[in-house]
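Secondary and tertiary structure notes
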Amino acid sequence: MAVSDVVVSFALLVAIYGILSLGLNVKFGHTGLLDFGHVGFFLIGAYTSALFVLPPDDPADFTNYVIGLGDVPLVGTWVFGIIVATILTGVIGGLVALPTIRLREDYLAITLLGISVIFQRVVQSESWLANGPDALRGYSPPFQGLFPIDPGTVVGAVAFALVVFVVWAVATAALSVQRENDSRLPLDRIYAVTTFGLGTRATGVLGSRFAVAGVAGLIAAVISAGLLLAASLVLVVGVLVSVYGWIVVLVAIGQHYAGLERRELALGVGFGTGLLVALLPLPLTDRLSVSIIGTLALLGALVYAYYHAITSYEWVADVKLAVIGLGAVWFVGIWYVLLPILGPLGSGDVSGVLGTLFRNAVWFLQFGSSAGIGYSIAVIGDVTVQLDYSRFQLALFLLSLGALYAILEAAVQSPFGRVLRAIRNDEAVVKSLGKDPFVYKVQSMVIGSALGGFAGGLWAMYSQGLTFRTGAPETTFIALLIVFVGGVGNNKGVLLGAVLYWAFQQATTQLAGFFPPALRVNVLAFRLVVVGVLFLIVLYYMPDGLLGREEYSSGVGES
Amino acid sequence: MTAILEIENLQKRYGGITAVDGATFGIEEGSITGLIGPNGAGKTTTFNLISGFEEPDGGTVRFRGEDLQDLMEPSRDERVIWGGASAITAGTIGGIAGVAGLGLGTVGGLGTLAVGAGLGAGFYAGQERVRQAREGHTNSRPFMLARQGLVRTFQITRELTEMTVLENLMLAPQGQAGENLANTWLRRDLMASEEAEVRGQAREMLELLELDHVSDERAGNLSGGQRKLLELGRVLMIDPEVILLDEPVAGVNPSLTRKLMDRIETLRDEGYTFCIVEHDMEVIMNLSDTIVVMSEGDVLVEGDPEEIQEDEAVIDAYLGVD
């Protein structure tokens, strides 16, 4: 698999769990309502939106469920389904809050856990409701029928432009942040080009640099749609967007670790390399006992060396997280970029190497040949260039995540958010200051649950089938882990937590690939144990998470 | 002058202990009333009862002639939430019953939904009325009193330890537009201008209390005396009518105590009413217009500072002999 496909599927999950965890963060992080039943709203959101896009049930086909409005235009679409799901989960969140909200933190958590289990049981066991206990399938994600899309048509160009818009806006927003931290690189010039001359001058007019990023994305989308329709320059647009994305990512990584000294950099690289070396026994020997024991021993040695270094040397302790982060970047670079090239290179397949390199560089597009196999660019005449559906879905999901994040930040960076944080801190004070904590707690539950429902809708879209596993209590604890890792009450931290969690999942899934199929299941199941241990470690050593509580000074109205 | 707070035959029991036992006194508008008495006399409990943080077992408290229990009726927001929830629940049941149970189709289903919602909202309103009409129903919503101008501080200071000093103060003003969720999205301009104003007020208050150098510190990092000051600043930010201060100068240094006393007197002259529990006799004797001495849950003596200082019973029970 090319690194681009890995990143896209990874980003989809990050978006879903990011939204889910943002919802939990409103409840727990900001207001202090520990909701162990957050997944209940995820479940209701997933089933509600799925039921709206499904066609009417057909007992002859052994399907049995309510609603089923998929054949009705407008109402039976994903947009409508997810909006209904979001509102419905918000209302249910409010109703659930009414009798429970007066409970103390721990009792509240247990009660809500119970309520979520009731939701799950009802959905699974009521056969008329949602095809329980069987899976609910038979729907497809929005617009999937249009893909693989031909960018030369109007529909294709519009879909293409939408994806360009999202990617371009995100990249430009990131670049505008990076530009302020660094003057050594010619970022100003790149920024001036990618914002089409709007640059810093338009910031005052448009309000903020994020508005500039949005406008730049819009311009890029319009231009690329024009290029596609007029001259079908798919490859040109794809290359431009991809290269822009890579520049932003590489600059971000460079900037993040720019403060490290040479020996600290070496340590990070050494850590990443050590990780690679530890995995070597797996592909090298077929004897399972040898490879597993060897890998575990090497991993143990690496962890011990790291632990020894951070406890013995002060300069290492100062950069203990940076070392892991840099090691991970190094590891990912070798694993996904270098190793896939070395294989074909060893067998002398130069065009294969170039193909892989090109596919990684132009991550925005997917390539297939008319023959259906091979990705060689040497025969560019035969190669079909496609906008893959996953890229389109990525744009949709990132757009949702970005919009919800902005809406949520607006709500909590305000006097409203200040009251929520005061409630978390000491409810009696809030009462003595003339604010009704009950009203605020209910609102917090409504917002948080609605976000959970929205995430459920995206999950239904992503998974294309809801089973008895959907809405299992462990999902709540994954969201809670994400909140704790990133920083309780810190929305930015929650996004970081979601990225880290899914990076861990991705890495361990890859690792499990080395094991024979019979053992693979066990390895994947064992991950949950590791997640639990990590949870404990985070709670013990970093109770405030990686980013900690955000210092809200409520910048609103600051002169 | 009229009594803005009238306390009549107040009773409060905890298990076998009667903390407040028939206390009766009044607090004049625009005056400073000192509340003193030995430990366990029921001063703080009286404060809790007056400020609505606890419910009395008997007796009444009147604020501006109105019974405290009536002032603590549910707020409009609370009624909307409960009434709306009842309507939604009953409406959903009605709609499902109409479609699935009676087979009425879409229009009929909507009709039963509306009927159900109406019944639900009506049920909520009805039970509210019954509850209010019932003898001896109690409301405990201290925030309703704070909204109407009756605020308190705590003896053991309660800061929002995780928030900054500035934020602690900015939380206090009543009726901020940005406290409404819809306004945080739709009226950001209004919110921003109001926020700037509140921030200005808070900075002024911090300057006055000599806390401006720690304005961005977390309140949890402050010393005990600074916390007392912050708490005083917080209630002043509400701009109330009656302020109940529970040991406001305990742990505050003498020069600042002097300043605070001046400030309280100035505020009194501007028309604010104070009731102060304090063990520092110099402060209480200099500051108070009236002093109420409590002992064993009841009012022992009530009078001006000169009378109190010479009262035999008070000297026996509390002041002691020099």
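Positions within a chain are numbered from 1, following the residues in the order the chain's sequence is written. Written order decides the labels, with chains lettered from A and ligands numbered from 1. Since the coordinates come from a predicted model, pLDDT governs what is reported: local features require at least 70, and pairs of side-chain atoms require 80 or more to be given and counted, while whole-chain, interface and lining totals use all residues.

**What to know about the overall build of chain A**
Each helix is a run of DSSP H or I of at least 4 residues and each strand a run of E of at least 2, with the numbering of both proceeding from the N terminus. If you tally the helices and strands in chain A, you get 23 helices and two strands. Expected size for 559 residues packed as a compact globule is a radius of gyration near 24 Å; at 25 Å, chain A falls within 12% of this value. If you line up chain A on its principal axes, its C-alpha atoms span 70 × 65 × 60 Å. Sorting the 559 residues of chain A into buried and exposed places 41% on the buried side. Whether two residues are in contact is decided by their C-beta atoms, placed from the backbone, lying within 7 Å. Counting contacts in chain A only where the partners sit at least 6 residues apart, residues at least 24 apart contribute 73% of the total. The globule rule used for comparison is 2.2 Å times the number of residues to the exponent 0.38, while the radius of gyration itself is calculated over C-alpha atoms. As a rule, residues whose C-beta atom has 12 or fewer other C-beta atoms within 10 Å are exposed, those with 20 or more are buried, and those in between are partly exposed; C-beta atoms are placed from the backbone.

**Considering the overall build of chain B**
Across its full length, chain B carries 13 helices and 10 strands. The principal-axis extent of the C-alpha atoms belonging to chain B is close to 90 × 45 × 35 Å.

**Notes on the UniProt feature "transmembrane region" (unreviewed entry) in chain B**
Residues and elements named next belong to chain B. Under the local residue numbering, the UniProt record ascribes the feature "transmembrane region" (unreviewed entry) to residues 80-100 and 106-125. Across residues 80-100, helical content stands at 100% and strand content at 0%; the span's end C-alpha atoms are separated by 29 Å. A distance of 29 Å separates the end C-alpha atoms of residues 106-125, which is 100% helix and 0% strand. UniProt positions are given in the numbering used here, feature names are shortened, and annotations may be inferred rather than shown by experiment.

**Overview of the interface of chain B and chain A**
The interface is formed by 38 residues belonging to chain B together with 34 residues belonging to chain A. Counting residues per element, the ones that place at least two in the side of chain B that touches chain A are helix 3 (76-101), helix 5 (142-147), strand 6 (150-152), helix 6 (165-170), helix 7 (181-186), helix 8 (188-208) and helix 9 (224-238) of chain B. Polarity classes work like this: nonpolar for Ala, Val, Leu, Ile, Met, Phe, Trp, Tyr, Cys and Pro, charged for Asp, Glu, Lys and Arg, and polar for all others, with Gly in that last group. Its residues assigned to classes, the side of chain B that touches chain A shows 18 nonpolar, nine polar and 11 charged.

**Comments concerning the domain arrangement of chain A**
All names here are of chain A. Taken domain by domain, chain A holds domain 1 (3-141 + 391-472) and domain 2 (148-256). Annotation comment: domain bounds sourced from an automatic or database domain assignment. Between the C-alpha centres of domain 1 and domain 2 there is a distance of 32 Å. Taken together, the contacts link five residues of domain 1 with six residues of domain 2. Split by residue class, the side of domain 1 that touches domain 2 holds four nonpolar, no polar and one charged.

**Describing helix 7 (residues 187-194) of chain A**
Residues and elements named next belong to chain A. Those residues of helix 7 not exposed but buried are L187, Y191 and T194. Projection of helix 7 onto a plane perpendicular to its axis shows the buried side chains occupying an angular sector of 75°, all on one side. Exposed positions of helix 7 whose direction lies more than 90 degrees from the buried face are R189 and V193. If you follow the buried residues of helix 7, they end up packed against helix 6 (154-181), helix 9 (209-231) and helix 10 (234-256). In the stretch just after helix 7, F196 is the one whose phi turns positive, near 60°. Note that the arc is defined by the directions from the helix axis to the C-beta atoms.

**Quick word on the environment of V488 of chain A**
Residue and element names in this part refer to chain A. One can find V488 in the loop between helix 21 (474-486) and helix 22 (491-512). Given 23 C-beta atoms within 10 Å, V488 falls into the buried group. Distance in space between the C-alpha atoms of V488 and A518 is 39 Å, their sequence separation being 30 residues. Filtering out sequence-adjacent residues up to four positions away, V488 remains in contact with G29, V483, D544, G545 and R549.

**Here we look at the sheet that holds strand 6 of chain B**
Residues and elements named next belong to chain B. Here a strand pair is declared whenever DSSP counts at least two bridges between the two strands. Strand order in the open sheet made by the six strands is 6-7-8-3-9-10, with mixed pairing throughout. Every other strand in the sheet has two partners, leaving strand 6 and strand 10 (298-303) as the edge strands with one partner each. Strand-to-strand twist in this sheet, taken as the mean axis angle between neighbours without regard to direction, amounts to 20°. Where strand 7 (residues 242-246) meets strand 8 (residues 273-277), five bridges bridge the pair, whose relative direction is parallel. The convention used is that axes are lines fitted to C-alpha atoms, helices contributing only their stretch in contact, and that angles between N-to-C directions extend from 0 to 180 degrees.

**Some words on the domain arrangement of chain B**
Domain annotation of chain B identifies domain 1 (3-67 + 140-159 + 241-319), domain 2 (76-133) and domain 3 (162-221). Placing the centre of domain 1 of chain B and that of domain 3 of chain B at their C-alpha centroids yields a distance of 29 Å.

**Here we look at the nonpolar core**
Residue and element names in this part refer to chain A. Each nonpolar core consists of buried Ala, Val, Leu, Ile, Met, Phe, Trp, Tyr and Cys residues. Their C-beta atoms, within 7 Å, join them into a set. Counting 204 residues, the largest nonpolar core has Y17, I19, Y47, A50, V164, W168 and I482 as the members making the most contacts within it. Top element by residues in this core is helix 6. It accounts for 15 residues. Those residues in contact with V164 that lie beyond four places of it in its chain are A220, A221, S224, V237 and V241. With seven residues, the next largest nonpolar core counts L267, F271, L275 and V323 among its residues.

**Brief notes about helix 3 of chain B**
Think of an α-helix as turning once every 3.6 residues; residues three or four places apart then point the same way. The first and last C-alpha atoms of helix 3 of chain B sit 35 Å apart over 26 residues, in line with the 38 Å expected at 1.5 Å per residue. Looking at helix 3 of chain B, one finds that the buried residues are I81, A85, S86, A87, A90, G91, G94, G95 and G98 of chain B. Buried residues belonging to helix 3 of chain B abut helix 3 (78-100) and helix 20 (437-463) of chain A together with helix 4 (105-133) of chain B. One or two residues past the end of helix 3 of chain B sits G103 of chain B, with phi positive at roughly 65°. Given a helix with a known number of residues, its expected span is that number minus one, times 1.5 Å.

**Details of unusual backbone geometry**
Residue and element names in this part refer to chain B. Of note in this structure, N9 is not a glycine but carries a positive phi near 50°. Tracing the backbone through its elements, the reader meets N9 in strand 1 (residues 3-14). Given 14 C-beta atoms within 10 Å, N9 falls into the partly exposed group. Even without a glycine there, the phi angle at E210 is positive, about 55°. One can find E210 in the loop between helix 8 and helix 9.

**Some thoughts on the pairing of strand 7 of chain B**
Along any regular strand the residues' side chains alternate between the sheet's two faces. All names here are of chain B. Strand 7 sits mainly inside the fold: five of its five residues count as buried. Side chains of strand 7 alternate between two faces, with V242, L244 and D246 and I243 and L245 buried alike. Crossovers are described as right-handed under a simple rule: with the strands pointing away from the observer, the path leading from the first strand over the helix to the second runs clockwise. Each parallel crossover has a hand, and for strand 7 linked through helix 10 (residues 254-269) to strand 8 it is right-handed.

**Some remarks on the environment of E265 of chain B**
Considering the arrangement of structural elements, one finds E265 of chain B in helix 10. With 14 C-beta atoms counted inside 10 Å, the residue E265 of chain B sits in the partly exposed group.

**Comments concerning the packing of helix 9 of chain A against helix 10 of chain A**
Residue and element names in this part refer to chain A. Interhelical geometry of helix 9 versus helix 10 gives an angle of 155° and a closest axis separation of 8 Å. Judged on the interaxial angle alone, helix 10 and helix 9 are roughly antiparallel. Contacts between helix 9 and helix 10 involve S224, L227 and L228 from the first element and V234, V236 and V237 from the second. Among the residues making up the contact of helix 9 with helix 10, the classes are represented as five nonpolar, one polar and no charged. Relative orientations are named as follows: roughly parallel for angles under 35 degrees, roughly antiparallel for angles over 145 degrees, roughly perpendicular for angles from 65 to 115 degrees, and oblique for any other angle.

**Notes on the sheet that holds strand 1 of chain B**
All names here are of chain B. In space, the four strands of this open sheet follow the order 2-1-4-5, with antiparallel pairing throughout. The open sheet terminates on both sides in strands that have one partner only, identified here as strand 2 (17-28) and strand 5 (66-67). When strand 4 (residues 58-63) meets strand 5, the two strands line up antiparallel, connected through two bridges. Along strand 5, the bridge assignment pairs F63 with E66. Contacting strand 1, strand 2 and strand 4, helix 1 (residues 43-50) runs over the sheet at an angle of about 115° to strand 1.

**With respect to the confidence of the model for chain B**
Residue and element names in this part refer to chain B. Per-residue confidence from the predictor is reported as pLDDT, a score between 0 and 100. Mean pLDDT for chain B: 88, with 98% of residues reaching 70 or above. Here helix 13 (residues 312-319) is the element of chain B with the lowest mean pLDDT, 80, and strand 8 is the one with the highest, 93. We note a pTM of 0.89 for the whole complex and an ipTM of 0.91 for its interfaces.

**Details of the pairing of strand 2 of chain B**
Residues and elements named next belong to chain B. Summarising the sheet, strand 1 and strand 2 pair through nine bridges and their orientation is antiparallel. Bridging across to strand 2, Q11 finds its partner in D21. A loop of two residues connects strand 1 with strand 2, the two strands running antiparallel in sequence, and G15 in this loop sits at a positive phi of about 55°.

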